[in-house]
Amino acid sequence: MDVSQLRVYQQALRAFVLIENIAARLTRELYDVKRQILRSSKAIAPILAEGFGRKRSQKEFHRFIIEAMSTSDETITHLRIIALSRFNTITIEELKNAAEEYKSISRQLNRLSSKVKQMI
């Protein structure tokens, strides 16, 4: 099995495209948030890939899962910041849909974390 077969990994890659589409339409005033949300959303799949490569050590793999989950939660926070900004040009519905996608990723990572932790 390789990391690309993990459903959460596949979803993280698809969700990044959603964030890219949102980020492309952010105003200049939200440049700092744009950089941060692109960084956090782009990091989830590579973090999982790196952790999966170290899965011989369940403890190491678990650490990477927790890091990916934290990064997913960070992305949700950036979406909330955009929604609250007076410079926001993205519909609240689109931001909510993206946040739901990342909540789903975080839930999957939480379940994976629990399974891996039982094996430690």
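This one's a predicted model, so the numbers in the text were calculated from it and none came from an experiment.

About the thresholds
- Residues numbered from 1 in each chain as written.
- Predicted model: local features only at pLDDT ≥ 70, side-chain atom pairs only at ≥ 80, totals over all residues.
- Heavy atoms only, no water.
- Axes fitted to C-alpha atoms, helices over the stretch in contact; angles between N-to-C directions.
- Helix = DSSP H or I, 4+ residues; strand = E, 2+ residues; numbered from the N terminus.
- Parallel < 35°, antiparallel > 145°, perpendicular 65-115°, else oblique.
- Left-handed = near helix turned anticlockwise from the far one by under 90°.
- Contact = heavy atoms within 4.5 Å.
- Nonpolar A, V, L, I, M, F, W, Y, C, P; charged D, E, K, R; others polar.
- Expected span 1.5 Å × (residues − 1).
- Bend = angle between axes of the 7 residues up to and from the residue.
- Buried < 20%, exposed > 50% of the residue type's maximum accessible area, 1.4 Å probe, protein only.
- Core = buried A, V, L, I, M, F, W, Y, C linked by side-chain atoms within 4.5 Å.
- Salt bridge = Lys/Arg side-chain N within 4 Å of Asp/Glu carboxyl O.

Participant: Explain the packing of helix H1 (residues 7–23) against helix H4 (residues 92–119) to me, using residue names and the numbers behind them.
Facilitator: Packed helices, taken two at a time, are described by the angle between their axes plus the distance between the axes. The interhelical angle for the contact between H1 and H4, taken along N-to-C directions, is 160°, at an axis separation of 10 Å. Of the possible angle classes, the one that applies to H1 and H4 is roughly antiparallel. Remark: the crossing between H1 and H4 carries left-handed chirality. Counted together, Arg-7, Val-8, Gln-11, Ala-12, Ala-15, Phe-16, Leu-18, Ile-19 and Ile-22 of H1 and Glu-94, Leu-95, Ala-98, Glu-101, Tyr-102, Ser-104, Ile-105, Gln-108 and Leu-109 of H4 form the full contact between these two elements. Split by residue class, the contact of H1 with H4 holds 12 nonpolar, three polar and three charged.

Participant: How would you explain the environment of Asn-97 if you had to name every residue and give the values?
Facilitator: Counting through the fold element by element, Asn-97 comes out in helix H4. Taking the C-alpha atoms as reference points, Asn-97 and Ser-57, separated by 40 residues in sequence, lie 35 Å from one another.

Participant: Just give me the short version of helix H2 (residues 31–53), but keep the residues and values in it.
Facilitator: Side chains that are three or four residues apart share a direction in an α-helix, a result of its 3.6 residues per turn. Taking 1.5 Å as the rise per residue, H2 with 23 residues should run 33 Å; its terminal C-alpha atoms sit 34 Å apart, in good agreement. Where H2 bends most, at Ile-44, the angle is about 35°, and the proline Pro-46 comes one to four residues later. Burial in H2 covers these residues: Val-33, Ile-37, Ser-40, Ser-41, Ile-44, Ala-45, Ile-47, Leu-48, Gly-51 and Phe-52. Check the buried side of H2 and you find it contacts H1, helix H3 (58–84) and H4.

Participant: I'd like to hear about the nonpolar core, residue by residue, with values.
Facilitator: Formed by 34 residues in total, the largest nonpolar core has its most connected members in Ile-44, Leu-48, Leu-79, Tyr-102, Ile-105 and Leu-109. Elements represented by at least two residues in this core include exactly H1, H2, H3 and H4. For Leu-48, the contacting residues outside a window of four places in its chain are Val-3, Val-8, Tyr-9, Ala-68 and Leu-109.

Participant: Residue-level account of the pattern of salt bridges, with values.
Facilitator: This model, assessed by the stated rule, comprises six salt bridges. Lys-103 is the salt-bridge partner of Glu-100, the closest N and O atoms lying 3.4 Å from each other. Here Glu-100 pairs with Lys-103, and both are found in helix H4, just three residues apart, close to one helical turn. Judged by relative accessible area, Glu-100 falls into the partly exposed class, the value being 42%.

Participant: Lay out the packing of H2 against H3 with the relevant residues and their values.
Facilitator: Between H2 and H3, the shortest axis-to-axis distance is 8 Å and the interhelical angle comes to 160°. The angle between H2 and H3 places the two elements in the roughly antiparallel class. The hand of the H2/H3 crossing is left-handed. Of the residues in the contact of H2 with H3, the class split is 13 nonpolar, eight polar and four charged.

Taken by themselves, the reported measurements are silent on function.
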